[in-house]
Amino acid sequence: GCATLSFYDQDGDCLAAVRMARMPEPHKASLKKSLLAELKCALDQRPDLRVVKAADGAIDNWTFLHNEVPDGVEVVDFFHAAEHLNDAIAAAYGVGTVESRRKFADLRHVLLEDPEGVTKVIRALTYLRNKHPGKTDVAKELAYFRKRRDRMRYAELREQGLPIGTGVTEAACKTLVTQRMKQSGMRWGKEGGQAILNLRGWVQSERFDHAWAMLAAAYRTEVTLLNNVVPLRAAPL
C-alpha cells in the first residue's frame, strides 16, 4: 500500500510530498496510522492549511478518509472516474469504435470542465442504461457515478486551484515500490521488504539525512578496543 501527503501552492502546483509505503497488511492499518501522524504534524504547524482528500473509488479508502482524517474537501481521482466513464460508453457503443471514442471524449470534457459535469454525465448514462437495458455494465457504472457524485466537482475544484487527482500517489506506487520491489525473480519477506520501502520513502521525501541521523543515534553503541591485541599469524603449511 502507498500513500502520500502532498503540499500545493495557491496555483495548484505541487511543492513537496511525503511518500510512504507498507508491505501487504490487513486494511492498510499501519499505512493509515503513518499518514494520519504526518497530517497531524503538518496541521499542528500550519493549522491554516486546507485539506483535500483524494483517492480512487475503493470503499475502504473512503471509509478511512471520511471518518478518520480531519475535515476537508473529498475528491475521487479524475482519471479513475474517466476510466469508469470509458467502460460505460464502451459497454453501450462497443470497445474501440469511432462512436465510442467520440462519446467518451465529449463526456470526459463535460465531466472535467462543466460546473454541472457529473450531473450531465449521470443523465447521459441514465439514457444509455434505458436505451440498452441488457448492458449491465452501463448500469453498474451509472451506480458508480451516482454514489460518488459529491466527490466529482472537478470544475469547481480546479477553479479554486485544488488538486483533482492522485498522480503523486500513483507515481509513488511505481517509483517507490514497483521499480525496486518487483524486478524479475524477486521475493521479499515482510521485514526485509519494509526496510527497503522505508529507505526509499525517506529518499523520495527528501528526508534521508535526517532519518538516518535519528536511526544512527537510536542504535549507536560503544565499542571497546583492547590494547593488547596480537595479530594472528598464518598457520604453517
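Okay, so let's go over this structure. (Residues numbered from 1 in each chain as written. Predicted model: local features only at pLDDT ≥ 70, side-chain atom pairs only at ≥ 80, totals over all residues. Heavy atoms only, no water.)

1. A short note on unusual backbone geometry
- One non-glycine residue, His27, lies in the positive phi region at around 60°.
- In this structure, His27 sits in the loop between strand E2 (14-21) and helix H1 (29-45).
- Under the relative-accessibility criterion, His27 is labelled exposed at 61%.
- A positive phi is found at Lys28, a non-glycine position, where the angle reads about 50°.
- Looking at where Lys28 falls in the secondary structure, it is placed in the loop between E2 and H1. (Helix = DSSP H or I, 4+ residues; strand = E, 2+ residues; numbered from the N terminus. Buried < 20%, exposed > 50% of the residue type's maximum accessible area, 1.4 Å probe, protein only.)

2. What about the packing of helix H5 (residues 117-131) against helix H6 (residues 136-148)?
- Between H5 and H6, the shortest axis-to-axis distance is 9 Å and the interhelical angle comes to 160°. Considering the angle they form, H5 stands roughly antiparallel to H6. With respect to the hand of their crossing, H5 and H6 are arranged in left-handed fashion. Of the residues in H6, those touching H5 at Val118, Val121, Ile122, Leu125, Thr126, Leu128 and Arg129 are Val138, Ala139, Glu141, Leu142, Phe145 and Arg146. (Axes fitted to C-alpha atoms, helices over the stretch in contact; angles between N-to-C directions. Parallel < 35°, antiparallel > 145°, perpendicular 65-115°, else oblique. Left-handed = near helix turned anticlockwise from the far one by under 90°. Contact = heavy atoms within 4.5 Å.)

3. Some words on the pairing of strand E1 (residues 2-8)
- Where E1 and E2 come together, 7 bridges link them in antiparallel fashion. Across the sheet, the residue bridging to Ser6 is Ala17, located in E2.
- Hairpin connection from E1 to E2: 5 residues lie between these consecutive antiparallel strands, with Gly12 at a positive phi of about 90°. (Pairing = 2+ DSSP bridges.)

Don't take any of this as a statement about function, it's just geometry.
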